[in-house]
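This is what each chain is made of:
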Amino acid sequence: MTIARIWGIPISVHVSWLLVFALVAGSLAGGDFREQHPEWGLVTRWALGALTSLIFFACVLVHELGHSRVALRNGIPIRGITLFVFGGVAQISREAASPGVEFRIAIAGPLTSLGLAGLFAGIGAAAGSLALASVPALWLARINLAVALFNLLPGFPLDGGRVLRAAVWAWTGSFERSDRAASMAGEMLALALIGFGVLRALRGDIAGGVWMALIGWFLQNAVAAGRAQAALRELLRGATVRQAMGHECISVAPGLTLDRLVHDEVLGAGRRCFVVAENGHLRGLLTLHEVKAVPRERWGRVTAEEIMRPAPTLAAVSPDEDLLQALEKMDDSSVAQMPVVADGQWLGMLDREHIVHYMRARAELGV
């Protein structure tokens, strides 16, 4: 569920977050708060536990916003921030352009959490004997400190792993070598967490052990995803849009009516995408999505030009553009296809299916 937008970034909550929110609130109400202040009633403990849990996840969101703010300042778009069972994650659209940018984005989160830890420690000290304020504030100070320190562990995809990647990148000058080093450290960390979690569960702390093992499993999956992304970059190295683009999306005249378009091209030839062009110059893009939005009884009167997406609003790529950069541009624009244009002339279309076919061909040929 998308619950807000901050700096244009959609903030979402995954359904699994409700589970961990309830677990944190219950742990506080039935554990820390009851042990420290047994005189508090059940309603007081649960209300304070729920509020503290909510503030904690607000801190997790602020941690991710710290990463996002630095990324945005360096021209890297953020697709969204999601709160889920393991905390939060900012979906950064592409890798940093330099070790310095990588370091600044990575360190921003832990520094934000350290700042929050200091803030809540100050609130707890100022509250003094007012236990309803000091007890949750001091717990929030400890948990934010723990979040900062855990994230600084040197293993990808944790922030410490990204700091390690930035350091190796600056030292070797190779992003690929730094990425492999950070991934290897992340896999070792994940396996260690899984092992410690199993050992902890066997010693009787089943809940804590299972949780630690699950965190390790999550990190291991993230490392595997990172390696797949690295393999994609390697596979597309040196490839251009011209090599992968297609020509299935035909050109139609601006004045073509929708009934002729549907009869001749959609039903007659099975096409779903059309470029509206005049004398070779791109005017706009038309897909079945725009056609279906027009009532059928109007198809004989409405033309392609009237419902097309105008060229100035389209994200386009050039034929000699790097294919990986074009794919990142598609991700940034949240589109599945882009027109290929050179000097205002439409040359073809690039979509994800073309890219997948091209990647498969390169992989089969061992290129």
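Residues numbered from 1 in each chain as written. Predicted model: local features only at pLDDT ≥ 70, side-chain atom pairs only at ≥ 80, totals over all residues. Heavy atoms only, no water.

A. Up close: the sheet that holds strand E3 (residues 78-84). The four strands are arranged E1-E2-E3-E4 in an open sheet whose pairing can be described as mixed. Two strands close off the open sheet at either side, each with one partner strand: strand E1 (2-6) and strand E4 (87-92). Across the sheet, the axes of successive neighbouring strands diverge by a mean angle of 20°, strand direction being ignored. Looking at chain direction, E3 and E4 are connected through six bridges and run antiparallel. The residue of E4 that forms the bridge with Phe-84 is Gly-87. Strands E1, strand E2 (9-13), E3 and E4 of the sheet are contacted by helix H2 (residues 42-73), whose axis makes an angle of about 165° with E3. (Pairing = 2+ DSSP bridges. Helix = DSSP H or I, 4+ residues; strand = E, 2+ residues; numbered from the N terminus. Axes fitted to C-alpha atoms, helices over the stretch in contact; angles between N-to-C directions. Contact = heavy atoms within 4.5 Å.)

B. Just the side chain of Glu-102, in detail. Structurally, the position occupied by Glu-102 is in helix H3 (residues 99-127). Classification of Glu-102 by relative accessible area gives buried; the value is 4%. Side-chain polar atoms of Glu-102 contact the side chain of Arg-165, separated by 2.8 Å. When near neighbours in sequence (up to four residues on either side) are disregarded, Glu-102 contacts Glu-95, Ala-96, Arg-162, Arg-165, Ala-166 and Trp-169. (Buried < 20%, exposed > 50% of the residue type's maximum accessible area, 1.4 Å probe, protein only. Polar contact = N/O pair within 3.5 Å; in protein donor to acceptor, adjacent residues only side chain to side chain.)

C. Focus on the packing of aromatic side chains. Within the structure shown, the criterion is met by six aromatic pairs. Consider the rings of Trp-17 and Phe-57, whose centres lie 5.5 Å apart with planes at 80°: the pair is edge-to-face. With Trp-17 in helix H1 (residues 15-36) and Phe-57 in helix H2, this pair connects stretches of sequence that are 40 residues apart. Of the two residues examined, Trp-17 and Phe-57, each falls in the buried class. Ring pairing ties together the aromatic residues Trp-17, Phe-21, Phe-56, Phe-57 and Trp-139, which thus form one cluster. Its guanidinium or amino end placed over the ring of Trp-7, Arg-69 lies 4.7 Å from that ring's centre, counting from NZ or CZ. (Phe/Tyr/Trp six-rings, centres within 6.5 Å; stacked < 30°, edge-to-face > 60°. Lys NZ or Arg CZ within 6 Å of the ring centre and 35° of its normal.)

D. Seen up close, the packing of H3 against helix H5 (residues 159-172). At their nearest, the axes of H3 and H5 sit 8 Å apart, and the two run at 160° to each other. Here H3 is positioned roughly antiparallel relative to H5, judged by the angle of their axes. Crossing angle aside, the handedness with which H3 passes H5 is left-handed. Across from Pro-99, Glu-102, Phe-103, Ala-106, Ile-107, Gly-109 and Pro-110 in H3, the residues of H5 making contact are Asp-159, Arg-162, Val-163, Arg-165, Ala-166, Trp-169 and Ala-170. Taken together, the residues that form the contact of H3 with H5 break down as nine nonpolar, one polar and four charged. (Parallel < 35°, antiparallel > 145°, perpendicular 65-115°, else oblique. Left-handed = near helix turned anticlockwise from the far one by under 90°. Nonpolar A, V, L, I, M, F, W, Y, C, P; charged D, E, K, R; others polar.)

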